[in-house]
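Notes for the structure review
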Amino acid sequence: MPERSRESQFSHMRETARSIFLKALADASIAKGFARHVNCERGILRVREDLYDLNSYSRVLVLSLGKAANTMVEALSAEVGSSLEGIVASSVQPASQVRGFRYFQGGHPSPNGESIEAATAMLRTVEAQPASALVIFLISGGGSSIVEKPVDDEISLDDLSATYRALVHSGAPIADINTIRKHLSAVKGGRLAQAASPAQQVSLLVSDVPDATPDALASGVTMPDSTSVEDCYRIADKFDLQSQFPPSTRELFDRHALEETPKSDDPAFHKSRWWTILSNQSAIEAASDAAEQSGFVVHVDNSCDDWDYAKAADYLLNKVRELRGQFSPLCLISGGEVTVKVTNGGVGGRNQQFALACAERIGGENITVLSAGTDGVDGNSVAAGAVADGSTIDRAQAQGLNVRKALKEFDAYPLFQALGDAIETGPTGNNLRDLRILLAY
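Attention here is on the structure that accompanies the text. Predicted, not measured: the structure shown is a model, and the values here were computed from it.

Turning to the overall build of the chain, a few remarks are in order. Secondary structure summary: the chain contains 16 helices and 15 strands in total. Against the globule reference of 22 Å for 441 residues, the chain gives a C-alpha radius of gyration of 23 Å, in line with a compact fold. Reported as C-alpha extents along the three principal axes, the dimensions of the chain are approximately 75 × 60 × 35 Å. Residues classed as buried in the chain amount to 57% of the 441 residues present.

Cis peptide bonds are those with omega within 30 degrees of zero, and the linkage from His 108 to Pro 109 qualifies with 10 degrees. With respect to the helices and strands, Pro 109 occurs in the loop between strand 6 (101-105) and helix 4 (113-127). In this structure, Pro 329 follows Ser 328 across a cis peptide bond, with omega equal to -10 degrees. The residue Pro 329 is located in the loop between helix 12 (309-324) and strand 11 (330-336) in this model. At Phe 410, a position not held by glycine, the phi torsion is positive, near 50 degrees. With respect to the helices and strands, Phe 410 occurs in the loop between helix 15 (403-408) and helix 16 (412-419).

Here we take up the sheet that holds strand 6. Ordered in space as 6-5-4-7-8-9, the six strands form an open sheet in which the pairing is parallel. Of all strands in the sheet, those bounded by a partner on one side alone are strand 6 and strand 9 (272-278). Taken pair by pair, the neighbouring strands of this sheet meet at an average axis angle of 15 degrees, ignoring direction. As judged from the seven bridges shared by strand 4 (residues 59-65) and strand 7 (residues 133-140), these two strands associate in the parallel manner. Paired with Arg 59 across the two strands is Ala 133, which belongs to strand 7.

Here we come to the sheet that holds strand 15 (residues 434-440). Spatial ordering of the open sheet is given by 10-11-15-12-13-14, a layout of six strands whose pairing is mixed. The sheet is open, and its two borders are formed by strand 10 (297-300) and strand 14 (422-423), each paired with just one other strand. As judged from the five bridges shared by strand 12 (residues 367-373) and strand 13 (residues 385-389), these two strands associate in the antiparallel manner. Of the residues in strand 13, the one forming a bridge with Leu 370 is Val 387. Along the sheet face, helix 12 touches strand 10, strand 11, strand 12 and strand 15 and points at about 150 degrees away from the line of strand 11.

A separate point is the state of the cysteines. Within the structure shown, the criterion is met by zero disulfides. You can see Cys 358 has no disulfide; the closest cysteine sulfur is in Cys 304, sitting 9.5 Å from it. Its relative accessible area of 0% is what places Cys 358 among the buried residues.

Since the α-helix turns once every 3.6 residues, residues separated by three or four places project in the same direction. Inspection of helix 10 (residues 247-254) places Ser 248, Thr 249, Leu 252 and Phe 253 among the buried residues, and these make up the whole buried set. Each buried residue of helix 10 lies within a common arc of 145 degrees when the element is viewed along its axis, so the set occupies one face. Residues of helix 10 that are exposed and point more than 90 degrees away from the buried face comprise Pro 247 and Asp 254. Of the surrounding secondary structure, the elements contacted by the buried residues of helix 10 are helix 6 (157-168), helix 7 (174-183) and helix 9 (229-238). His 256, located one to two residues past helix 10, shows a positive phi value of around 50 degrees.

Aromatic rings in a pair are described by how distant their centres are and how their planes are angled relative to each other. Scanning the entire structure with this criterion turns up four aromatic pairs. Aromatic pair Tyr 233 and Phe 253: ring centres 5.9 Å apart, planes at 90 degrees, arrangement edge-to-face. Pair noted here: Tyr 233 is in helix 9 and Phe 253 is in helix 10, with a separation of 20 residues, a long-range link. The interplanar angle of 50 degrees and the centroid separation of 6.3 Å between the aromatic rings of Phe 269 and Trp 274 together place this pair among those described as tilted. Overall, the relative accessible area of 7% leaves Phe 269 in the buried class. The structure contains a cluster of three or more aromatic residues connected by ring pairs, namely Tyr 233, Phe 245 and Phe 253. Lys 311 extends its terminal NZ or CZ atom over the ring of Trp 307, reaching a point 4.4 Å from the ring centre. Over the ring of Phe 354 we find Arg 436, and its NZ or CZ is 5.9 Å from the ring centre.

Bringing the pattern of salt bridges into the picture now. Counting across every chain of the model gives 27 salt bridges. Residue Arg 433 pairs with Asp 305 through a salt bridge whose shortest N-O separation is 2.9 Å. Residue Arg 433 is located in the loop between strand 14 and strand 15, and its partner Asp 305 is located in the loop between strand 10 and helix 12; the two are separated by 128 residues in the primary sequence. Assessed through its relative accessible area of 9%, Arg 433 is described here as buried. One salt-bridge network, in which partners are shared between bridges, spans Lys 182, Asp 215, Asp 225, Glu 260 and Lys 263.

What follows deals with the pairing of strand 8 (residues 200-206). Most of strand 8 sits out of view: six of its seven residues are buried. In this structure, strand 7 lies alongside strand 8, joined through seven bridges in parallel fashion. Bridged to Leu 134 within strand 8 is Gln 200. Bridge count for strand 8 against strand 9 is six bridges, and the pairing is parallel. Within the sheet, the bridge partner assigned to Val 206 lies in strand 9 and is Leu 278.

Any two packed helices are characterised by how steeply their axes cross, that is the angle between the axes, and by the distance between the axes. Packing of helix 6 against helix 7 brings their axes to within 10 Å, and their N-to-C directions diverge by 160 degrees. The angle between helix 6 and helix 7 falls in the class roughly antiparallel. The two elements helix 6 and helix 7 cross, and the hand of that crossing is right-handed. Contacts between helix 6 and helix 7 involve Tyr 164, Leu 167 and Val 168 on the former and, on the latter, Ile 177, Ile 180 and Arg 181. Tallied by class, the residues present in the contact of helix 6 with helix 7 amount to five nonpolar, no polar and one charged.

About the thresholds
- Residues numbered from 1 in each chain as written.
- Predicted model: local features only at pLDDT ≥ 70, side-chain atom pairs only at ≥ 80, totals over all residues.
- Heavy atoms only, no water.
- Helix = DSSP H or I, 4+ residues; strand = E, 2+ residues; numbered from the N terminus.
- Rg over C-alpha atoms; globule rule 2.2 N^0.38 Å.
- Buried < 20%, exposed > 50% of the residue type's maximum accessible area, 1.4 Å probe, protein only.
- Pairing = 2+ DSSP bridges.
- Axes fitted to C-alpha atoms, helices over the stretch in contact; angles between N-to-C directions.
- Contact = heavy atoms within 4.5 Å.
- Disulfide = S-S within 2.5 Å.
- Arc of directions from axis to C-beta.
- Phe/Tyr/Trp six-rings, centres within 6.5 Å; stacked < 30°, edge-to-face > 60°.
- Lys NZ or Arg CZ within 6 Å of the ring centre and 35° of its normal.
- Salt bridge = Lys/Arg side-chain N within 4 Å of Asp/Glu carboxyl O.
- Parallel < 35°, antiparallel > 145°, perpendicular 65-115°, else oblique.
- Left-handed = near helix turned anticlockwise from the far one by under 90°.
- Nonpolar A, V, L, I, M, F, W, Y, C, P; charged D, E, K, R; others polar.

As structure tokens, this is what we get:
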């Protein structure tokens, strides 16, 4: 194939991958998810299989928290009307505010002062609700840090941040980190639901966690906690956390003074319901539909969720090469997240690191790889992710860019940005984990 035609084909497939991702974002949007699963007619609110007569409650209160908090409350208000009231806590400023709501801008990935103010306001508001009230929780990823209050007032914001840092850098798995976070929090691990009891409660979830572990979303603020204080002490011993915690946190562990979180038999959950409105599966299905409409044979493989990015790159590229012998053109879609252990990093994120690792492995091949976050934010960059293909290495070298150095220094964004292959959507107001889209032709 002439060189110019080959360049044109590479460019076309990069645009095709980008188009599939953007169509998936649009089809798995908060507005469309709510339109499918939530509606209100004559004061009767339907949430998937549940019906709520809003006129029968003494008060209807809405608490929205997480990266998608602004868009979720807008979507609910569009269905219900202007009668709603409550609190919204997100990590980004809303383009406009819904009347009747108080807004907080909490921190992410670490709590800030407004995180604590938001949690305090939510606790005070729900603690005053009687059994005749309905509390609607709108929960999305990022809520763990956006709404937070230490269970012990002796733990200051600085100590809370230091505790978070110790946990994140301890080498403990995320499930173990969340176990301790839940028991150190006045809102996590079902404690926000416990505070809202005896009111009727329903939680609408836009999930950025694996479907099998919905209570991991925002550290399960409205769900029973399956972990225990004994788990916390065991994890702290295993990872030598006491020596890394600030004194106010360490003291709770030294004295074995942690209090238990509410479990499934707690009365707080007798009048509680939970419904997933959108999840990573929603994004996968939307991407699959878009790829099929573009003429691809689609396969889905989520095996590498939570794998190291380099291992995931090897696995998915081998899978593409294997399937390409049977199907063409092929689109392999993979949901979930890969992991990157960053040391002295530059500007980038797990999606761009994954895409660049793939670029190194597919030089000259008719394979295109896109990896991006549905929240529009990848690591510490302004990009959602990036797209790479068999021409990426040659195009980078032609511009004097050092791929190996960018990979080693976790500095993928400047390289992709220079090539025009960074995907910059801005924050999407949604959060359904990541999508990897691999095209072979």
